[in-house]
Amino acid sequence: MGSRGRVTLQTIAREVGLSKYAVSRSLAGKSGVSEETRALIRETAQRLGYTKPTGQGTAGEVAVVFHDLDAINSELYMQVQNGVQREAHRLGMTLRVRWTHDSGQLEELARTCDGLMLVGPHAREAVAAVSATGVPIVRFGWVDALEQIDHVGGTDHEAGQAVLEYLVGLGHRSIVYVYGMPGLRGRQERHYGAREIAERYPDVALHVMQFDEENGFSAAFRALVEKGIRPTAFFCAHDGLALTVVSELLGQGYRIPDDISVVGFGDYSPATQISPALTTVRMEGQECGAVGLRLLLERIENPRLPGMPARRIMIASRIIERRSAGPCKAAASVDAAEV
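In what follows, the accompanying structure is described.

Cut-offs and rules
- Residues numbered from 1 in each chain as written.
- Predicted model: local features only at pLDDT ≥ 70, side-chain atom pairs only at ≥ 80, totals over all residues.
- Heavy atoms only, no water.
- 1 Å grid on protein atoms, 1.4 Å probe; cavity = no way out; pocket = protein on both sides within 12 Å on 5 of 7 lines; lining within 4 Å.
- Points joined across faces, edges and corners; volume = space filled by probe spheres on them.
- Helix = DSSP H or I, 4+ residues; strand = E, 2+ residues; numbered from the N terminus.
- Nonpolar A, V, L, I, M, F, W, Y, C, P; charged D, E, K, R; others polar.
- Pairing = 2+ DSSP bridges.
- Axes fitted to C-alpha atoms, helices over the stretch in contact; angles between N-to-C directions.
- Contact = heavy atoms within 4.5 Å.
- Expected span 1.5 Å × (residues − 1).
- Buried < 20%, exposed > 50% of the residue type's maximum accessible area, 1.4 Å probe, protein only.
- Salt bridge = Lys/Arg side-chain N within 4 Å of Asp/Glu carboxyl O.
- Phe/Tyr/Trp six-rings, centres within 6.5 Å; stacked < 30°, edge-to-face > 60°.
- Lys NZ or Arg CZ within 6 Å of the ring centre and 35° of its normal.

In this approach, a probe sized like a water molecule rolls over the atoms, and the result shows the empty space that is left. In this model, the largest pocket occupies a volume close to 950 Å³. If you trace the largest pocket, you find 41 residues lining it, with Gly141, Trp142, Val143, Arg185 and Gly186 closest to the centre. Per element, the largest residue contribution to the lining of the largest pocket is five residues, and it comes from helix α8 (residues 185–198). For the lining of the largest pocket, the class distribution of residues is 18 nonpolar, 11 polar and 12 charged. Of the pockets and cavities examined, the second largest pocket occupies roughly 250 Å³. Taken together, Ser131, Gly134, Val135, Pro136, Ile137, Gln148, Ile149, Asp150, Arg299, Pro303 and Arg304 form the lining of the second largest pocket. Looking at the lining of the second largest pocket residue by residue, the classes come out as five nonpolar, three polar and three charged.

Further remarks concern the sheet that holds strand β2 (residues 96–99). One open sheet holds the six strands; their spatial order is β2-β1-β3-β4-β5-β11, and the pairing between them is parallel. The sheet is open, and its two edges are formed by β2 and β11 (312–314), each paired on a single side. Neighbour-to-neighbour, the strand axes of the sheet open up by a mean angle of 20°, direction not taken into account. With four bridges joining them, strand β1 (residues 61–66) and β2 adopt parallel strand pairing. Within the sheet, the bridge partner assigned to Val64 lies in β2 and is Val97. Of the strands in this sheet, β1, β2, β3 (113–119) and β4 (137–140) touch helix α4 (residues 74–90), which is tilted by about 165° from β2. In this fold helix α5 (residues 103–110) packs onto β1, β2 and β3, with an angle of close to 145° to the strand it touches most, β3.

Before going further, it helps to spend a moment on α4. Helix length check: α4, at 17 residues, gives a terminal C-alpha distance of 24 Å against a target of 24 Å (1.5 Å per residue), a fit within 8%. Residues of α4 that are buried: Leu76, Tyr77, Gln79, Val80, Gln81, Gly83, Val84, Glu87 and Ala88. Where the residues of α4 are buried, they touch β1, β2, β3, β4 and α11 (285–301). A positive phi of about 75° marks Gly92, the residue just after α4.

Inspection of the entire model under this criterion finds 20 salt bridges. A salt bridge links Arg139 to Glu147; its shortest N-O distance comes to 3.1 Å. Shared partners join several salt bridges into a network, and the residues in it are Glu87, Arg90, Glu287 and Arg294.

Position of Phe221 among the secondary structure elements: in helix α9 (residues 217–226). A sequence separation of 45 residues divides Phe221 from Val176, and the C-alpha atoms of the two residues are 9.8 Å apart.

A word on the packing of aromatic side chains. Taken as a whole and assessed by the stated rule, the structure comprises nine aromatic pairs. Taking 5.8 Å as the distance between ring centres and 75° as the angle between the ring planes, the aromatic pair formed by Phe211 and Phe217 counts as edge-to-face. The exposure classification of Phe211 matches that of Phe217, with both residues buried. Summarising the aromatic geometry, the rings of Phe221 and Phe234 are spaced 5.8 Å apart at their centres and angled 70° between planes, so their arrangement reads as edge-to-face. Here Phe221, found in helix α9, pairs with Phe234, found in strand β8 (residues 233–236); they are 13 residues apart in sequence, far enough to count as distant. Take Phe221 and Phe234: they sit in the same class, and that class is buried. Linked through ring pairs, Phe211, Phe217, Phe221, Phe234 and Tyr254 together constitute an aromatic cluster. Seen from the ring of Phe265, Arg190 lies directly overhead, with NZ or CZ sitting 3.8 Å from the centre.

Limitation: the analysis is restricted to geometry and does not speak to function.
Structure below.
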């Protein structure tokens, strides 16, 4: 262990299995750690002979800020929040949780915290204002190209590749990628990944379908059929879209997956509440939250020096096989006139 004079916050942190942040907060008498954790840290510090250096500062709090106007990803954000809070509990710390998109509120919060985790499509101006305070930031959500802010995210492009490989492996050759609402970057990345795989197979056709998510599927599907396209599989950019596709196809007389397979994206709660249960891609939101918090604490304890690059951490998604996708048996059998 070394002499008593060499006992540091990091020494105590290793001994108790917590972060240096939690140790600092506890010994400073600040909020952010449970009473049980505080007692453990104080006992360990006393046992090891820790002496607080003269003039040592104290850490502020960590905040997680969710964009409050992004309804599409609300369930994913709840998973992220759960992951952050579980990791905070494991580390013996508490944190602030806020829901806002207001740049003024973000800047004010940054000035009272040691670090911020920004979740969702926060505006470029708001992120710049927070960055100007010098507080460490970790983002979950899309960042600008080469943006010098640490980022934790999913594997949208890879997921698109994996789903196409999966469907091709099941024998499907006429596949539709369902965008729904155009312009959303995650959906674009999944399409780009799927397209890359489709281009490797001369006999595979990947079609794109965009429509009003409220009531536009039937017309969009009819337009495909009128062009002579008879898809045997749909890859939907979001589980909500997949539920619409499954419901509409069943209503038109198709059997799933005997006639047409459907794959979603997200693995949100409705995926197991429909029949057949939805084959989909699981976004590991809880792991993203936990990893984001660990990265933020690391940046607080060891700040980036000038010229050091930002980090990008990607959490790999997984295909969850259920009953809505299966081997390609035949082209859709319902006549186009019945669509």
